[in-house]
Amino acid sequence: MPVHRSGSVRPRRLFLAGLLLAALSLALTAPADAAGTAKPPRGSARMGMGVLAHDGRSGTPAPTAATQTEGVDVAGYQGNVAWSTLWSSGVKWAYTKATEGTYYTNPYFAQQYNGSYNVGMIRGAYHFATPDTTSGATQANYFVDHGGGWSRDGKTLPGTLDIEWNPYGAECYGKSASAMVSWIADFLNTYKARTGRDAVIYTATSWWSDCTGNYAGFASANPLWIARYASDAGTLPAGWGYYTMWQYTSSGPTVGDHDKFNGALDRVQALANG
């Protein structure tokens with residue numbers, strides 16, 4: 001006579017179903033790219049985050065007779081920064097990440113932004129753009145309202161729009177080249193209306209070519225901050241005949257991201273003064 005064990009089979013089935021649901025939940029909450037690599041959490045993006053992966057590294061700046069002024073850029077993941085150490089090493093200007101999208105503000109912004117100023121540096125703030133989340137105008141307003149403003153005190157640089165590879169998804173944030181140009185223009189126009197200054201554009205030539213169609217229309221008003229980890233800044237995006245700033249490494253001393261201003265300290269001061 002067969003023995004029925006339906007009472008034990010059902011809990012086992014429920015247990016297995018629970019495991020499958022848990023696995024599905026993990027898959028949905030941890031986005032991955034085509035290679036299966038988990039995406040970073042929103043808010044963790046920073047200036048130059050995609051440079052090594054997309055453009056690589058090919059040396060350090062070659063000696064030049066032109067005068068350049070050393071700078072750094074920092075973000076929340078670096079915590080409290082040793083500004084006096086950087087100042088003593090010759091760093092004279094700095095940019096701090098203030099915001100990302102309309103959902104993140106840097107918890108270390110005060111220490112980083114005010115700390116650089118207090119040791120004597122000329123400082124500025126930058127915004128990591130996420131064109132797939134909200135409009136350019138909305139993000140420009142968020143940036144200005146959370147540390148990205150400007151004042152004519154001789155030590156505050158205009159805000160920077162960090163527009164580069166999307167660490168959370170599609171390289172160009174799902175936008176066509178024309179739509180991307182429109183988004184950037186929306187941000188820049190709003191920032192100028194709020195502050196009276198033209199924002200700096202930070203980008204890499206390869207990304208700019210891919211995602212804006214190598215648009216040249218911003219070069220007449222917006223200073224270029226180029227990202228390239230090599231012996232020189234390389235080919236610049238269309239329209240710009242020279243760079244104002246160059247992020248040349250992510251492995252410098254004290255903090256990783258080091259930059260060169262294309263001119264002596266008085267030119268940094270001139271940009272701050274507008």
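Structure: see above.
Residues numbered from 1 in each chain as written. Predicted model: local features only at pLDDT ≥ 70, side-chain atom pairs only at ≥ 80, totals over all residues. Heavy atoms only, no water.

Brief notes about the overall build of the protein chain
Filter applied, for reference: Strands are runs of DSSP state E lasting at least two residues, helices are runs of H or I lasting at least four, and both sets are numbered from the N terminus onward. Three exposure classes are used, based on accessible area relative to the maximum for each residue type with a 1.4 Å probe and protein chains only: buried under 20%, partly exposed in between, and exposed over 50%. Two residues form a contact once any of their heavy atoms are found within 4.5 Å. Exposure was quantified through the Shrake-Rupley algorithm and a 1.4 Å probe, taking into account, for residues, occlusion by the shown protein chains and nothing else.
When helices and strands are counted, the protein chain shows eight helices and 11 strands. The buried share of the protein chain, taken over its 274 residues, is 46%. Pairs at least 24 apart in sequence give 68% of the contacts found in the protein chain among residues at least 6 apart. With the model as given, the accessible surface of the protein chain reaches about 12,600 Å², and the carbon-plus-sulfur share is 55%.

Quick look at the layout of surface pockets
Let me state the cut-off plainly: Both cavities and pockets are sets of points on a 1 Å grid over the protein atoms alone; in a cavity a 1.4 Å probe fits but cannot get out, in a pocket the set is open with protein on both sides within 12 Å along at least five of seven lines, and lining residues sit with an atom within 4 Å of a point. Grid points are joined across faces, edges and corners, and a volume is the space filled by probe spheres set on the points. Throughout, the ten residues Ala, Val, Leu, Ile, Met, Phe, Trp, Tyr, Cys and Pro are labelled nonpolar, Asp, Glu, Lys and Arg are labelled charged, and all others, Gly among them, are labelled polar.
Its volume calculated, the largest pocket comes out at about 270 Å³. Together, 17 residues line the largest pocket, and Pro-223, Tyr-242, Tyr-243, Thr-244 and Leu-271 are the ones closest to its centre. Ranked by residue count, the leading element in the lining of the largest pocket is helix α8 (residues 265-273), at three residues. Computed from the structure, the second largest pocket encloses a volume of approximately 190 Å³. Every residue lining the second largest pocket is listed: Pro-40, Met-49, Gly-50, Ala-53, His-54, Phe-128, Glu-164, Trp-165, Asn-166, Pro-167, Gly-169 and Glu-171. By residue class, the composition of the lining of the second largest pocket is six nonpolar, four polar and two charged.

What about the state of the cysteines?
Basically, it comes down to this: Cysteine sulfur atoms that pair up within 2.5 Å are treated as a disulfide.
By the definition in use, this model includes one disulfide. In this model Cys-172 forms its disulfide with Cys-211; the gap between the sulfur atoms is 1.9 Å. On the sign convention where negative means left-handed, the S-S torsion of about -75° between Cys-172 and Cys-211 marks this disulfide as left-handed. Here Cys-211 lies in helix α7 (residues 205-212) and Cys-172 lies in the loop between β6 (160-162) and α6 (177-195), a separation of 39 residues in the sequence. Side by side, Cys-172 and Cys-211 carry an identical accessibility label, which is buried.

Points about α6
For clarity, the threshold we go by: By this rule the span expected of a helix is its residue count minus one, scaled by 1.5 Å.
End to end, α6 covers 27 Å across 19 residues, agreeing with the expected 27 Å (1.5 Å per residue, within 8%). Turning to α6, its buried residues number three or more, namely Met-180, Val-181, Trp-183, Ile-184, Phe-187, Leu-188, Thr-190, Tyr-191 and Thr-195. Those residues of α6 that are buried are in contact with β5 (122-128), α5 (136-145), β6, β7 (200-203) and α7. Once α6 ends, the next one or two residues include Gly-196, with phi positive near 80°.

Topic: the environment of Val-255
Looking at the element boundaries, Val-255 is found in the loop between β10 (245-249) and β11 (258-261). Looking at Val-255, the relative accessible area reads 7%, which means it is buried. Taking the C-alpha atoms as reference points, Val-255 and Trp-83, 172 residues apart in sequence, are found 9.8 Å from one another.

Topic: the packing of α5 against α6
Just so we agree on the cut-off: Only the stretch in contact is used when a helix axis is fitted, and all axes are lines through C-alpha atoms; the angle between N-to-C directions ranges over 0 to 180 degrees. For any pair of crossing helices, the crossing counts as left-handed if the nearer helix is rotated counterclockwise from the farther one by less than a right angle, and right-handed if it is rotated clockwise.
Where α5 contacts α6, the two axes come as close as 7 Å, and the packing angle between them is 40°. Seen along the crossing, α5 lies across α6 with a hand that is right-handed. Contacts between α5 and α6 involve Gly-136, Ala-137, Gln-139, Ala-140, Asn-141, Phe-143, Val-144 and Asp-145 on the former and, on the latter, Trp-183, Asp-186, Phe-187, Thr-190, Tyr-191, Arg-194 and Thr-195. Of the residues that constitute the contact of α5 with α6, the class distribution is seven nonpolar, five polar and three charged.

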